[in-house]
Amino acid sequence: LGSSATTDGMFIKGVIAFSNSFNPADTLYVSLTAGEITNDISSYTTGDVVRIVGYAMSTGLIYFNPSDNFIELD
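Calculation criteria
- Residues numbered from 1 in each chain as written.
- Predicted model: local features only at pLDDT ≥ 70, side-chain atom pairs only at ≥ 80, totals over all residues.
- Heavy atoms only, no water.
- Helix = DSSP H or I, 4+ residues; strand = E, 2+ residues; numbered from the N terminus.
- Contact = heavy atoms within 4.5 Å.
- Areas by Shrake-Rupley, 256 points an atom, 1.4 Å probe, with all protein chains shown as cover.
- Buried < 20%, exposed > 50% of the residue type's maximum accessible area, 1.4 Å probe, protein only.
- Core = buried A, V, L, I, M, F, W, Y, C linked by side-chain atoms within 4.5 Å.
- Patch = residues over 30% accessible without salt bridge, like charges linked within 9 Å, V, L, I, M, F, W, Y side chains within 5 Å.
- Salt bridge = Lys/Arg side-chain N within 4 Å of Asp/Glu carboxyl O.
- Pairing = 2+ DSSP bridges.

**A short note on the overall build of the protein chain**
Counting its secondary structure elements, the protein chain contains 1 helix and 7 strands. In the protein chain, the succession of helices and strands from N to C terminus is α-β-β-β-β-β-β-β. For the protein chain, the proportion of contacts with a sequence separation of at least 24, taken over those separated by at least 6, is 48%. Summing over all exposed atoms, the protein chain offers an accessible surface of approximately 5,100 Å²; the carbon and sulfur share of this is 54%.

**Structural notes on the environment of tyrosine 29**
Its location among the elements puts tyrosine 29 in strand S2 (residues 27-30). On the basis of relative accessibility, which here comes to 16%, the residue tyrosine 29 falls in the buried class. Note: C-alpha distance between tyrosine 29 and valine 50 (21 residues apart in sequence) is 6.8 Å. Those residues in contact with tyrosine 29 that sit more than four places away from it in its chain are Glu36, Ile37, Thr38, Asn39, Ile41, Val50, Arg51, Ile52 and Val53.

**Topic: the nonpolar core**
Grouped together as the largest cluster of nonpolar side chains are 6 residues: Phe22, Leu28, Val53, Ala56, Ile62 and Phe64. Elements supplying a minimum of two residues to this core: strand S5 (52-56) and strand S6 (61-64). Among all residues touching leucine 28, those that are not within four sequence positions of it are Phe22, Ile37, Thr38, Asn39, Arg51, Ile52, Val53, Gly54, Tyr55, Ala56 and Ile62.

**As for a nonpolar patch on the surface**
Residues Val15, Tyr55, Met57 and Leu61 make up a contiguous nonpolar surface patch of about 330 Å² in total accessible area. Looking at the secondary structure, you find methionine 57 in the loop between S5 and S6. Residue methionine 57 is classed as partly exposed on the basis of its relative accessible area of 37%.

**What about the sheet that holds S5?**
Read across the sheet, 5 strands follow the order S1-S6-S5-S2-S3 without closing on themselves; strand pairing throughout is antiparallel. Two strands in the sheet have a free side with no partner beyond their single neighbour: strand S1 (14-17) and strand S3 (37-38). Examined bridge by bridge, S2 and S3 share 2 bridges and lie antiparallel to one another. Within the sheet, the bridge partner assigned to valine 30 lies in S3 and is isoleucine 37.

Okay, here's the thing in structure tokens:
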């Protein structure tokens, strides 16, 4: 929640204000790009891991609630 997750804590679950270009109700995933989230996993390939982290409520709000499931694509 600050500049360092190791000393300032981290956000686990809830609604966050986040300027984005997602459409409301888009499912959001961990991106292949470190530190980012995405709504498009069409470029994921065999061996990539998919994890849902929440959904877009609007272009300014995200409901963040990471799934406990990690799915490796075959």
